[in-house]
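# Structural overview
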Amino acid sequence: MSIVTRVAHSSRPCIALAALAVWAGCGGASPYGGGAAPDTTSSSEESTLGAFKPPGNRRIANLGTFAVAYEVERACRLQSAAFKSIEPPTSGWTDVGHNELAGSFFELRKIHPTMGPGGVSVITIEAQSTDGERLWLRNVPVGKDSDTAARRWNCAVSIADLQALEPKLTAKYVQIDRSRCTGIMPILGGLNDISSSTYTVLDASVFAGQPPDAKTAETQGDAGHYAIGIRLEAEGGAKRLTLSSTDFDRCFQRADRTPPPPAESNALVAWLRSADADTVAPPKASLETVEAVMGMRREQCTKEKFGRNEGLECHTPLLTATTGATGAYGPGRIEFVRERLVRGLYFIDGKLVPPTKAVRVVASVRTPGTERDGEFARGFKSALRKTISDQKTQMRRAARGRFSLVEGGGGGATTHVVNVRTRYDIPDLVVRTEPRTHRYVAGKKQVPNPGYSGAQRAVKEAQAQLDSAKTDGEIVSQKLDKAKKLCEKGGDAAGKAAGKAAAKKLGGIFGGFASAAVSGTASAACNTAKETAEQTLVKSRIDKAAAALETARSKARNTPRTRPVDDKRVHHYNAKHYRRSGVARATVTVSARGSDRTLFEHEVEVPFTAEATEVPTVSEVGLVGKQAKPPSKADAERALAELLVPLVDQTIMKWGTQQDVGGDVGDVKPGTRSWMVLLSRQAATNRPIKLLSDILDNRADELEKGETSYPVTLPPDLANRCFTFGAIALDGTNDVNLSLLDAGRVVARDTRTDPDAAFELCDVPAGNYTAQVSFGGDAPRATLVSLFESTPGKIKVEDVRQSTRGIPSIANRGDVLKLDGTGRVEFKGTGGKVVVGATGDRDGDGLADDVDRCPYEPEVKNLYLDTDGCPDEPPPGWSPPKQAEPETPPKAEKKSKKKSKKKKTKKRRGKKKKKEKKKKTEVFIP
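All of the points below concern the structure found in this document. (Residues numbered from 1 in each chain as written. Predicted model: local features only at pLDDT ≥ 70, side-chain atom pairs only at ≥ 80, totals over all residues. Heavy atoms only, no water.)

## With respect to the overall build of the protein
The following threshold applies: Where helices and strands are cited, they refer to DSSP runs of H or I of at least four residues and of E of at least two residues respectively, numbered from the N terminus. Whether a residue is buried, partly exposed or exposed follows from its accessible area with a 1.4 Å probe, protein chains only, as a fraction of its type maximum: under 20%, in between, or over 50%, in that order. Contacts are assigned to residue pairs that have any heavy atoms within 4.5 Å of one another. Only the protein chains shown count as cover for residues, and all accessible areas are computed by the Shrake-Rupley method using a 1.4 Å probe.
Along the protein, the regular secondary structure elements total 18 helices and 39 strands. Expressed as a percentage of its 926 residues, the buried residues of the protein come to 48%. In the protein, once contacts between residues fewer than 6 apart in sequence are set aside, the share between residues at least 24 apart is 72%. Accessible surface, the protein: about 47,200 Å² in total, of which carbon and sulfur atoms supply 51%.

## Looking at the packing of aromatic side chains
As a reminder of what qualifies: Each pair of aromatic rings taken from Phe, Tyr and Trp, with Trp reduced to its six-membered ring, is defined by centres within 6.5 Å and is described as stacked if the planes are under 30 degrees apart, edge-to-face if over 60, and tilted in the remaining cases.
Summed over all chains, the structure comprises seven aromatic pairs. Look at Phe376 and Phe380: their rings are 6.3 Å apart centre to centre, the planes differ by 35°, and that puts the pair in the tilted class. Here Phe380 and Phe376 lie together in helix α8 (residues 374-389), a separation of four residues that amounts to about one turn. For the pair formed by Phe376 and Phe380, the shared burial category is buried. Taking 6.4 Å as the distance between ring centres and 85° as the angle between the ring planes, the aromatic pair formed by Tyr424 and Phe608 counts as edge-to-face. Here Tyr424, found in the loop between β25 (416-423) and β26 (430-448), pairs with Phe608, found in strand β28 (residues 598-614); they are 184 residues apart in sequence, far enough to count as distant. Neither Tyr424 nor Phe608 differs from the other in exposure class; each is buried. A connected cluster of aromatic rings, assembled from ring pairs, spans Phe376, Phe380, Tyr424 and Phe608.

## Regarding empty space enclosed by the protein
The condition is simple: Lining residues are those with an atom within 4 Å of a point, where the points come from a 1 Å grid over the protein atoms alone and group into cavities, where a 1.4 Å probe fits but cannot get out, or pockets, open sets with protein on both sides within 12 Å along at least five of seven lines. Grid points are joined across faces, edges and corners, and a volume is the space filled by probe spheres set on the points. The nonpolar class holds Ala, Val, Leu, Ile, Met, Phe, Trp, Tyr, Cys and Pro. Asp, Glu, Lys and Arg form the charged class, and all remaining residues, Gly among them, are polar.
In this structure the tally under the stated criterion is six cavities of 30 Å³ or more. If you add up the space inside the largest cavity, you get close to 70 Å³. Within the residue set of the lining of the largest cavity, elements represented by two or more residues are α14 (633-661) and α15 (673-683). When residues in the lining of the largest cavity are grouped by element, the largest group, five residues, is from α14. Size it by volume and the second largest cavity reaches roughly 60 Å³. Along its surface, the second largest cavity is lined by Trp271, Ala277, Asp278, Val342, Arg343, Gly344, Tyr346, Pro355, Met395 and Ala399. A class-by-class count of the residues in the lining of the second largest cavity yields seven nonpolar, one polar and two charged.

## Considerations on unusual backbone geometry
Here Asn686, not a glycine, exhibits a phi torsion of approximately 60°, which is positive. Turning to its location among the elements, Asn686 is positioned in the loop between α15 and β29 (690-697). The exposure class assigned to Asn686 is buried, which follows from its relative accessible area of 12%. Backbone geometry at Asp763 places phi at a positive 55°, although glycine is not the residue there.

## Topic: the packing of α8 against α14
Applied cut-off: All axes are obtained by fitting lines to C-alpha atoms, using only the stretch in contact for helices, and the reported angles, taken between N-to-C directions, cover 0 to 180 degrees. Orientation is classified from the angle alone, with under 35 degrees giving roughly parallel, over 145 giving roughly antiparallel, 65 to 115 giving roughly perpendicular, and any other angle giving oblique. Helix crossings are classified by the rotation of the near helix relative to the far one: an anticlockwise turn of less than a right angle makes the crossing left-handed, while a clockwise turn makes it right-handed.
Between α8 and α14, whose axes approach to 8 Å, the crossing angle comes to 45°. The angle between α8 and α14 places the two elements in the oblique class. As for how α8 packs across α14, the hand of that crossing is right-handed. Residue-level inspection shows Glu375, Phe376, Gly379, Phe380, Ala383, Leu384 and Thr387 of α8 in contact with α14, the latter providing Ala634, Glu637, Arg638, Leu640, Ala641, Glu642, Leu644, Val645 and Val648. Among the residues forming the contact of α8 with α14, the class breakdown is ten nonpolar, two polar and four charged.

## Quick word on the state of the cysteines
Where we set the bar: Any pair of cysteine sulfurs within 2.5 Å is marked as a disulfide.
Under the defined criterion, the tally for this structure stands at two disulfides. A disulfide bridge connects Cys301 with Cys314, and the sulfur atoms are separated by 1.8 Å. Taking the sign of the torsion about the S-S bond as the criterion, the disulfide between Cys301 and Cys314, at about 110°, is right-handed. A residue pair is termed long-range when its members are at least 10 positions apart, and Cys301 in the loop between α7 (287-294) and β15 (302-306) and Cys314 in strand β16 (residues 309-314) qualify at 13 residues. Taken individually, Cys301 and Cys314 each receive the classification buried, so the pair is uniform in this respect. Bridging Cys722 to Cys762, the disulfide has an S-S length of 2.0 Å. Its S-S torsion of about 110° marks the bond between Cys722 and Cys762 as right-handed, since a negative value means left-handed. In this pair, Cys722 sits in strand β31 (residues 722-729) while Cys762 sits in strand β34 (residues 756-762), placing the two residues 40 residues apart along the sequence. Judged by its relative accessible area of 8%, Cys722 falls in the buried class.

## A look at the environment of Arg338
Relative to the helices and strands, Arg338 is located in strand β20 (residues 334-339). The spacing of Arg338 and Asp750 is 412 residues in sequence and 8.5 Å in space, taken between C-alpha atoms.

## Looking at the pairing of β25
Heads up, the condition is: Strand pairing is assigned whenever DSSP detects at least two bridges linking the two strands.
Among the eight residues in β25, six count as buried, and that is most of the element. Judged from the four bridges that link them, strand β23 (residues 361-366) and β25 form a sheet pairing that is parallel. In the strand pairing of β25, Ser364 is matched with Val417.

## Some points on the environment of Glu531
Along the polypeptide, Glu531 turns up in helix α13 (residues 524-557). Glu531 sits in the exposed class, given a relative accessible area of 53%. Once the C-alpha coordinates of Glu531 and Ser477 are considered, the two residues, 54 residues apart in sequence, prove to be 9.8 Å apart.

## A closer look at the side chain of Gln682
Within the secondary structure layout, Gln682 lies in helix α15. For Gln682, the contacting residues outside a window of four places in its chain are His315, Arg340, Ala399, Arg400 and Gly401.

## Things to note about the nonpolar core
Quick note on the threshold: Take the buried Ala, Val, Leu, Ile, Met, Phe, Trp, Tyr and Cys residues and link them wherever side-chain atoms come within 4.5 Å; each set so joined is a nonpolar core.
Grouped together as the largest cluster of nonpolar side chains are 52 residues, with contacts concentrated most on Phe380, Val418 and Leu644. Of all the elements, α14 adds the most residues to this core, at eleven residues. Counting 28 residues, the second largest nonpolar core, distinct from the first, contains Ala729, Ala771, Val785 and Leu817.

## Focus on the pattern of salt bridges
How we decide: Each reported salt bridge corresponds to a side-chain nitrogen of Lys or Arg within 4 Å of a carboxyl oxygen of Asp or Glu.
A full pass over the atoms with the stated rule returns 32 salt bridges. Between Arg134 and Glu126 there is a salt bridge whose closest N-O contact spans 2.2 Å. A salt bridge links Arg745 to Glu335; its shortest N-O distance comes to 3.9 Å. Of the two residues, Arg745 is situated in strand β33 (residues 745-750) and Glu335 in strand β20; the sequence distance between them amounts to 410 residues. Of the two residues examined, Arg745 and Glu335, each falls in the buried class.

## Some remarks on the environment of Gly806
In this fold, Gly806 is placed in the loop between α17 (797-803) and β37 (809-810). Along the primary structure Gly806 and Arg673 are separated by 133 residues, whereas in three dimensions their C-alpha atoms are 8.6 Å apart.

## Remarks on the packing of α14 against α15
A packed helix pair is summarised by two numbers, namely the angle formed by the two axes and the spacing between the axes. The N-to-C vectors of α14 and α15 enclose an angle of 65°; their axes lie 12 Å apart at closest approach. The hand of the α14/α15 crossing is left-handed. Together, Met653, Thr657, Asp660 and Val661 of α14 and Trp675, Leu678 and Arg681 of α15 make up the contact between the two elements. The residue makeup of the contact of α14 with α15, split by class, is four nonpolar, one polar and two charged.

## A word on helix α10 (residues 450-489)
Using the following cut-off: For a helix, the expected span equals 1.5 Å multiplied by the number of residues minus one.
Counted at 1.5 Å a residue, the expected span for α10 with its 40 residues is 58 Å, and the 60 Å between its end C-alpha atoms agrees. Among the residues of α10, Tyr452, Ala455, Val459, Ala462, Leu466, Ala469, Gly473, Ser477, Leu480, Ala483 and Cys487 are the ones counted as buried.

## Digging into the sheet that holds β29
In spatial order, the strands read β34-β31-β36-β29-β37; together these five strands make up an open sheet with mixed pairing. Because the sheet does not close on itself, it has two edges, and the strands there are β34 and β37. Here β31 pairs with β34 via seven bridges, running antiparallel. Looking at β34, one finds that Ile728 is bridged to Asp756. Taken strand by strand, α15 contacts β29, β31, β34 and β36 (783-789), and its axis lies near 135° from that of β31.

Note that every value here comes from positions in space, so none of it alone points to a role or purpose.
Here's what the structure looks like:
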C-alpha cells in the first residue's frame, strides 16, 4: 500500500521537519547540526525507528527518498520556498501549514548549510516531489532561542521503513468492535469525528511522535518515535478519523459492507440519541442501515410472524462516544459507552417501524355494565382511555410486554380480549377525629452557647501553662548560674579539668561555650552562653505561653454566653378524616378474539380507599386549613377502577412472560424480582437469564444523597460470557439511572427517564468496577440492583423462573457484588460464602437464614430470646433468670468416697505392722 499524500488538516502550525536517524538539527554552531562530524555509515545499517545515535549531516543524503510526517516537536517551524535557482534563496520563505506536506513523497537532491533568521545555522535541502515539483525546505527556530532549536529532524521518514511498518489492511470497510474497544487515542480528530457507522478505509500515513494525549502533548519533545496512522471515512465523508494502527487493530473489525446513506444514517443516530427515543416514532431507515450504525446482526433479534411479513424485535444498545479532557491536539482519549437509549427496535418486512405497530397482542378490555357497577365501569373506562391516549404509556406497553390496549369492542384490530370481573362491597363512610401536630418557628430565642464554656476553659489552661513556664524558668536560671561559674573556672589552666567535665556534663549550647572557655576564651563567652541558654530555655517558653494566653483571652472576649436559635414549637390540633376503605376481588382473564376458551386467568385482592381530610385554619401558627368533602360511594368505585387498569397491564405481561419461559414467574409488579427479570430479559434481547447477585437498598440516608455506588468484582474467567445489569425503583414511579464505571470511566449506562434501567455487556475485562445508581428526581424508598448472566446458549428457561424466587439481599455497608460463575454477595461474618438463593448466615450471628427471623440483623446475646435471630431488647424490669445452684453429690457417691478412703488407710496401717513384725523376728549372729 502506498503512503498517502495528505491527512486531516488542523489549524496548528507545523513545528519541525526532520530526517529519519538524522541529528542535523534546525540550528547550532555548525552547518552539521551542533558540530556533529559527517558520518559515512550507510543508511541501510541504522535505518530504524527506535533510539537513534547522531550520525551527522551525510546521513540525510543517504535517505534518497523520504516522506514528511505529522510533527509534534515545538522547537522549529517548517518553511518552504519556490525553486528558482541552484542556490538556496535568502528571501521568499513562508511557513508551511500544519501537516500540509504530511505524507508527501520527496526525493532529496542536495543539502545546503545556510544561515537562518537570527544568525542561526540551519540545514536547507533541495527536494523534488513525486510529481516532479522542486522546492526548497528548511527548519528555523521558534523565536530567538537557538538552544531550543538545536533538535534533530524527526518528521522526514524513510520510505523503506514506512513500507515495513504499514499494517496489512485486507478489509475496505471496518466498524468499531463493540466487544473489545473501550477507548482510542486519536492522532487527529475529536469527538465530532467519531461515527458508529461503517467506515471506509482510505489510506495509511506515518505520523512522527507518539499520538499525544492531554498529559504529554505539552512535553512531547523529540521522542524520535513514529506511528502509522489509519485514516477512516464514514457517512460519505461527513465523519473522518485518523488514529494509530495499534488502536485500529484493537478497536475496529471487518464490516464487509458499504457505509449507509448519510442522510438516513444521521437521522437514525439523532433519533437513537434523543431524549424522546422511547416515545417518538423512528425515522425511515432500512434494516441494513440499522445494522451498520449499531453494529447489530439480525440473528441477535427475536423473530416473530405477522401474517405474510416477518417481524423482528431487536434490543441492541447504541455505542456512543464520549471524551474527557482536551489536550493541545484535541481529545486525549475518546471512550465508547454502551448506552441503552431505547428499549427495542422493531422491523416488519425489513423496515424500521414504530413500536406501537409491532405488537403481539392488541387487547380490548371490557367490564360488566350493570346498574350497580355503572360508576365503576365509567371510572374504569375513563382511566383506560387516559392510558390509551397517552402515547408514552402505549410505547412502554409495546416495549415491555409487546402489547397495546384498546377500549372494549376493538373491532378487527384486536387479537385478544381481556375481561375484568370484580366482586366488592361498597364500604361505609368512617368519620373520625385524628390528633395531629403542626411544627412551626415562632421566632428566635437565646440559648447557652456551648462554645463559651470551652473558651473559658481554654483561658484557664493557658494561664496554667504560663505559670508553669515561669516556675520552671526560675529553676533553670539557678542551674545556669551554677553552670556559668563552672565555665569561668575552666578558663585558667588550673580549672581546665573542671571545665572539661562541665562541658561534658552540660552539653548543648552551654557545653560548647564551656569548651571554648577551657581553651582560654574570656569569661564574656560564659556570659553569652548563659544569656543564650536563658533565651532558649526560659524566655522563649514564657513568651510563647503568654501569647497563647492572650489568644485564649481574646477568643473568650469574643465568644458570647448565649446564641440565637430558631424557636421551634409544636401546635396540636384535631383533623377530621373521612374514609371509605374496602377490598375487592378482581379476576382478569385473557382469551383469543372469537373464542370462549380462557388462555390465562389472574385473580387477586385489590385494597382500595377513597379518603379526604379536613384541617382547621390557625393563622397565628401558620397552619393553612383545608376543606374536605366526604367521599361518596361513587368516589370509592372510581378509586377501585383506577387501580385495576395497571392490574390489566400486569396480567398481560405475566401471561406473555410465562409463555416465553414455560412456567409461573410470580406477580409482575413494579419493584419485584419478576419485574426485574422481565426488564433484564428485554435488555438481553429476550434471551434466558440467570440471577447471580442482587441487593435491595432501603437505606434512607444513602438514597437521599441522590447517588449510590456498589463495588463489582469481575474475575479473569469471564471471556466469551455476557452479563446484564439492572436497577429498578420499588415505588414504580421514580426515575432511576444505572452506570457501570471502570476507575471513574463510564463503560455502560442507561439514563432514560424511567423507573428502571438495564444494559448488557459481553466479554467484560476482569477487574474491579463500580455499579452506580442515580435518580433523576426524588429518591425512591428503595432500589433493587441485580446482576444476571445472559450468555447465549448457556442459560436455560428454568433459570429464568428460578431468578424470580426468594428474597434479595439487603444492602449493608461494605457489601460487594461478585460475578464468579455462581454469583454471591459478601455479608459480614460469612467470608463471602452466601450464594444468592441458597441458605446461609447473612448477618453472621450463628443462625441460618431459613430459621433466622431477622436474617439481616445479628442477634444480641443478652439471654433474652437469643434463639430467634433478632436483636431484641429486654422489656423494662426484666432480669435474666438466676443460675441454678450446683446440686450436692448423692449419698451413694459419698459412701463410695468414704469407703475408698478407709481402704487406703487400712492398707497403709497393714504395711506398717508388717515392717514392725519383721524387725522383731530378726536374729543377731556375732
